[in-house]
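Examination of the molecular architecture
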Amino acid sequence: QVQVVESGGGSVQPGGSLRLSCTASGTIFNIYAMGWYRQAPGKQRELVGYITSGETTKYADPVKGRFTITRDNTKNTTYLQMNSLKPEDTAVYYCNADIRRVWSDYSSWYWGQGTQVTVSS
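Residues numbered from 1 in each chain as written. Predicted model: local features only at pLDDT ≥ 70, side-chain atom pairs only at ≥ 80, totals over all residues. Heavy atoms only, no water.

Observations regarding the side chain of Ser21
Mapped onto the elements, Ser21 comes out in strand S3 (residues 18-26). Contacts of Ser21, omitting those with residues within four sequence positions, involve Val5, Glu6, Ser7, Trp36, Thr77, Thr78 and Tyr79. (Helix = DSSP H or I, 4+ residues; strand = E, 2+ residues; numbered from the N terminus. Contact = heavy atoms within 4.5 Å.)

And the structure:
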């Protein structure tokens with residue numbers, strides 16, 4: 001059994017900051033890439049960015065220079081630091097992780113349940 005859980009969402013004014021966390025737990029052998037997605041009302045889910053096991057990061061153009069993804073492998077956790085937030089960043093933010101379970105020969109992607117971020121004055 002593997003669980004992926006996001007936390008840290010909330011409401012913030014434009015220009016503010018939030019840090020989201022995403023922690024994987026369960027029978028984990030290894031975690032490869034970890035990603036962040038978001039889905040605004042009436043829109044499709046879109047990639048925000050991801051971080052590889054070697055800590056290479058990639059970001060979508062709308063968040064470059066404002067968002068930073070890091071990870072702490074000792075805690076099976078990835079973080080999304082969001083600065084200079086804009087109203088258009090309002091969305092449900094999801095985390096996913098490419099996880100190889102103990103006793104398994106392959107990895108699979110697991111998703112969290114999402115956390116709401118609202119940017120409004």
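Looking at the state of the cysteines
If you walk through the whole model with that rule in mind, you get 1 disulfide. Sulfur-sulfur distance for the disulfide between Cys22 and Cys95 comes to 2.0 Å. Since a negative S-S torsion denotes a left-handed disulfide, the Cys22-Cys95 link at about -70 degrees is left-handed. With Cys22 in strand S3 and Cys95 in strand S9 (residues 91-101), this residue pair connects regions lying 73 residues apart in the sequence. Exposure class is identical for Cys22 and Cys95. Each is buried. (Disulfide = S-S within 2.5 Å. Buried < 20%, exposed > 50% of the residue type's maximum accessible area, 1.4 Å probe, protein only.)

Some details on the packing of aromatic side chains
Summed over all chains, the structure comprises 1 aromatic pair. Ring centres of Tyr37 and Trp111 lie 5.0 Å apart, and the angle between their planes is 55 degrees; this geometry places the pair in the tilted category. Of the two residues, Tyr37 is situated in strand S4 (residues 28-39) and Trp111 in strand S10 (residues 107-111); the sequence distance between them amounts to 74 residues. Arg45 extends its terminal NZ or CZ atom over the ring of Tyr94, reaching a point 3.7 Å from the ring centre. The side chain of Arg45 reaches across the aromatic face of Trp111, ending 4.8 Å from its centre. (Phe/Tyr/Trp six-rings, centres within 6.5 Å; stacked < 30°, edge-to-face > 60°. Lys NZ or Arg CZ within 6 Å of the ring centre and 35° of its normal.)

So, the side chain of Arg38
Its location among the elements puts Arg38 in strand S4. Looking at Arg38, the relative accessible area reads 7%, which means it is buried. At 2.7 Å, the side chain of Arg38 and the side chain of Glu46 are in polar contact. Of the polar contacts made by the side chain of Arg38, one reaches the side chain of Asp89; its length is 2.9 Å. (Polar contact = N/O pair within 3.5 Å; in protein donor to acceptor, adjacent residues only side chain to side chain.)

What to know about the pattern of salt bridges
In this structure the tally under the stated criterion is 4 salt bridges. One salt bridge connects Asp89 with Arg38, and the closest N-O pair in it is separated by 2.9 Å. Within this pair, whereas Asp89 is found in the loop between strand S8 (77-82) and S9, its partner Arg38 is found in strand S4, the two being separated by 51 residues in sequence. Notably, a salt bridge pairs Lys64 with Asp61, separated by 3.0 Å at the nearest N-O pair. Overall, the relative accessible area of 48% leaves Lys64 in the partly exposed class. Residues joined by salt bridges that share partners form a network here, namely Arg38, Glu46, Arg66 and Asp89. (Salt bridge = Lys/Arg side-chain N within 4 Å of Asp/Glu carboxyl O.)

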